[in-house]
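# Reading the structure
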Number of protein chains: 2
Amino acid sequence: MAYIAPPLEPPARVLMGPGPSEIHPRVLRALGANTVGHLDPYYLTIMNDLQRMLREVFQTTNPMTMAVSATGSAGMESTVVNLIEPGDSMIVCVNGVFGERMVDVAGRAGANVTRVDRPWGEVFSPDDLKAALAAAKPKVVGIVMAETSTGAWQPIEEISKLVHDAGALLLVDAVTALGGVPVKVDEWQIDAIYSGTQKCLSCPPGLAPVSFSPRAMDVVLNRKTKVQSWYLDVSMLAKYWGADRVYHHTGPINMTYGLYEALRLIQEEGLDACYARHMLNHRALKAGLTALGLKYATVEGHQLPMLNAVLIPDGIDDVKVRKALLERFGIEIGGGLGAFKGKAWRIGLMGHTARPNNVLLVLGALEQLLAEQGHKFDRGSSIAAANGVYG
Amino acid sequence: MAYIAPPLEPPARVLMGPGPSEIHPRVLRALGANTVGHLDPYYLTIMNDLQRMLREVFQTTNPMTMAVSATGSAGMESTVVNLIEPGDSMIVCVNGVFGERMVDVAGRAGANVTRVDRPWGEVFSPDDLKAALAAAKPKVVGIVMAETSTGAWQPIEEISKLVHDAGALLLVDAVTALGGVPVKVDEWQIDAIYSGTQKCLSCPPGLAPVSFSPRAMDVVLNRKTKVQSWYLDVSMLAKYWGADRVYHHTGPINMTYGLYEALRLIQEEGLDACYARHMLNHRALKAGLTALGLKYATVEGHQLPMLNAVLIPDGIDDVKVRKALLERFGIEIGGGLGAFKGKAWRIGLMGHTARPNNVLLVLGALEQLLAEQGHKFDRGSSIAAANGVYG
């Protein structure tokens, strides 16, 4: 073994991209707590309390609420493969990368997919779905509540009513939404929902909180075929997370500790206060970005507080700005994905990132870099505008 | 939110079960290092070095060597679903829980599965496979190198030759083997192999190291159908782990730190020294267990050093002993799984667990508990026997 890998010395970053978000020091410490066995009586109490806290943030009483032992994308796959059997009809709403991904995932599960498209940066109204619902008679309708690629904030409640009136199940992507804006699983009658840990829950990536309604579980437990994924089969996972504790796979103990501590922080703050904090910092950031002459890539009225997608002004070098933010200021923001590649920046205010210090810092740094590239605006105005919101 | 979850305070355990194993303090600290973005230049260097170190422990030059972002069972699923298309013939060798699991996983992937069985605690010889190979003409043969449910150590080299002579690909479960006994992917011509982090690599559970030979990658890249799992599709993962760094999913940053540090510890010790340490401690444990009158559940000559499955003597209460080990001594050992439930204990000596102090501790505790239950043996003899091996 001639080559020896260097010591682990990650730089300190200010994480203001589309996730991972900043991690609270208590969560980092929790990750390094003593590992116990995945069937240790102590770990089982942690699993129980984790489920309880996840039900709170999902605003649900669904018994089948837990964390899939993989990242948010596996959360998407778990909801799709459990509900879909080969040949089933599924509608997927596509207005960004993650709706597009759901089409792919559903197709691989054997779904007969009908896609309904909206332009990137816009959202769906119930009217957009009516014709497709009548024609496709879907078993499942999938929609992204917070499209991380565009910053679009999709209202769910009215669409849910329409979907259920058509006899379908509603599957919702809440990867970026959960913990940052209200996600009311029971009130909105969402049947299957998934999230990730590295967004507004402010835990490193690695787990995917999911919840299935009793109606969805009925569908799963009455399938004609086995779920194509052994690892994600929720009928087996229910026996590990339920009272029986039947061994399935070895739970990711230390990641679970991290999520547990992240959820405790949300409990301490309170959900409503947490949403309000995201919104306040978003308003301050938006005021500052607007003062810098930047425009949102998302339609007005549907802009997510935790994911601010802004158009890159003409004449500004995308990569150069992001590189300088990282190298000179230690700040990570996101570039555009898919149709927005090279056209938009994505500034995250997720979880522990959503604090005034970060808002002022990113505005100050952007102000400097935009000025260096000849962009025209009033120097100092962005900080004043943001501080005006904080009052 | 009336209920507030208690602070995270996991007890200190001595992890001597079938995994998770003891975690080195450096690995626990690595888990809590600064989170950076999954496309941060620093994280990309960590991914590169991680791949390099994984190639070393797998003893391979396979470019497609990486860690799947989920636990070892997802590693199994990833190798199966990438190689198998619906209707493909696959032979699975079954002599324990994990072979059984592979049958299930392969069936869900659409494989036409032929199972070849051996009694639990035994291993396969090339002769066991000849008839099935001729009859099934498989595309893939799956076999478990270290059967965690029985402690059986399966030789791979001769079977590999036979499998390749029959024109099939060889898929190997090395979940418990990797890092504890030699696993020679290139020399033995293994085409797809997976492991877990929580066994002899001594990192908490959460990732699954995998490696695909160029021949296996050819098969993957020339499939007629898409891989059924988007999350595990190695053709897409190759673009994230390769030079292009195409975003796929958000990598589990902090778990990757943990595995990185665990692999550095193995680099520092040296692979051969690491194998020798596992073997020495196994010999000492076996001498002690034998002095206690306990018999291995695995055939002589094929007993894994890191997983010691012993039969529970008549008249001894399985659950009572394991409960007392945990509650009075803080020691976790494993109960039996499947056919061995209630009949065997599984004592792990994996990774950082494989140390003389742990061997003497578990022998001392077992000696006390067996004596309390009226088991007949010479008091003190187990410690003397183990110390005799250490010399």
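Reading guide: rules and limits
- Residues numbered from 1 in each chain as written.
- Chains lettered and ligands numbered in written order.
- Predicted model: local features only at pLDDT ≥ 70, side-chain atom pairs only at ≥ 80, totals over all residues.
- Helix = DSSP H or I, 4+ residues; strand = E, 2+ residues; numbered from the N terminus.
- Rg over C-alpha atoms; globule rule 2.2 N^0.38 Å.
- Buried ≥ 20, exposed ≤ 12 C-beta atoms within 10 Å, placed from the backbone.
- Contact = placed C-beta atoms within 7 Å.
- Domains from an automatic or database assignment.
- Nonpolar A, V, L, I, M, F, W, Y, C, P; charged D, E, K, R; others polar.
- Least-squares fit on C-alpha atoms with pLDDT ≥ 70 in both.
- Pairing = 2+ DSSP bridges.
- Axes fitted to C-alpha atoms, helices over the stretch in contact; angles between N-to-C directions.
- Arc of directions from axis to C-beta.

### Some points on the overall build of chain A
Secondary structure assignment for chain A yields 13 helices and 14 strands. Scaling as 2.2 N^0.38, a compact globule of 391 residues should have a C-alpha radius of gyration of about 21 Å, and chain A matches this with 21 Å. Dimensions of chain A, computed from C-alpha atoms along their principal axes, come out at roughly 65 × 55 × 50 Å. A burial count over chain A gives 58% of its 391 residues as buried. The contacts of chain A with a sequence gap of at least 6 include a subset with a gap of at least 24, amounting to 73%.

### Quick word on the domain arrangement of chain A
Residues and elements named next belong to chain A. What the domain assignment reports for chain A is domain 1 (25–267) and domain 2 (270–390). Spacing between the C-alpha centres of domain 1 and domain 2 amounts to 29 Å. Along the lines of polarity and charge, the residues of the side of domain 1 that touches domain 2 split into 12 nonpolar, nine polar and two charged.

### Thoughts on the relation of the copies chain A and chain B
For the pair chain A and chain B, the superposition axis carries a translation of 0.0 Å, the fit reaches an RMSD of 0.0 Å, and the rotation angle comes to 180°. As the rotation angle and translation indicate, the two copies are arranged about a two-fold axis. Of the C-alpha atoms belonging to chain A, the one lying closest to the rotation axis is found on A:Ala70, 2.4 Å away. Comparing interface residues between copies, 100% of those in chain A also lie at the interface in chain B; the contact surface is shared.

### Here's the deal with the sheet that holds strand E2 (residues 64–68) of chain A
All names here are of chain A. Taking strand neighbours across the sheet as the criterion, the seven strands line up as E2-E10-E9-E8-E5-E3-E4 in an open arrangement whose pairing is mixed. Bordering the open sheet on either side are E2 and strand E4 (112–117), each of which pairs with just one other strand. For this sheet, the mean angle separating the axes of adjacent strands, direction not counted, is 15°. Sheet analysis places strand E9 (residues 192–194) next to strand E10 (residues 208–212), joined by three bridges and oriented antiparallel. In the strand pairing of E10, Ala192 is matched with Phe212. Sheet strands in contact with helix H2 (residues 41–58) are E2, E9 and E10, and its direction is about 105° off that of E2.

### What to know about the interface of chain A and chain B
Contacts between the two partners involve 65 residues from chain A, matched on the other side by 65 residues from chain B. For the side of chain A that touches chain B, the secondary-structure elements that each account for two or more residues are helix H1 (25–31), H2, helix H3 (72–83), helix H4 (97–108) and helix H9 (253–269) of chain A. Among the elements that take part in the side of chain A that touches chain B, H9(A) stands out by supplying eight residues, more than any other. A breakdown of the residues in the side of chain A that touches chain B according to their chemical character gives 30 nonpolar, 22 polar and 13 charged.

### Examining the environment of B:Met76
For B:Met76, the position within the fold is in helix H3 (residues 72–83). In contact with B:Met76, other than residues within four places in its own chain, are B:Arg101, B:Met102, B:Val105, B:Asp173 and B:Tyr194.

### Description of unusual backbone geometry
All names here are of chain A. Gly19 connects to Pro20 through a cis peptide bond whose omega is 5°. Along the chain, the position of Pro20 falls in the loop between strand E1 (14–15) and H1. Positive phi, normally seen in glycine, also occurs at Lys137, with a value near 40°. C-beta crowding within 10 Å serves as the criterion here: with 13 such atoms nearby, Lys137 is assigned to the partly exposed category.

### What to know about helix H6 (residues 157–165) of chain B
All names here are of chain B. Within the sequence span of H6, burial applies to Ile159, Ser160 and Val163. The buried residues of H6 occupy an angular sector of 105° when the element is viewed end-on, so they sit on one face. Facing away from the buried side of H6, by more than 90 degrees, are the exposed residues Glu157 and Asp165. As for H6, its buried residues are in contact with helix H5 (126–136), strand E5 (140–144) and strand E8 (169–173).

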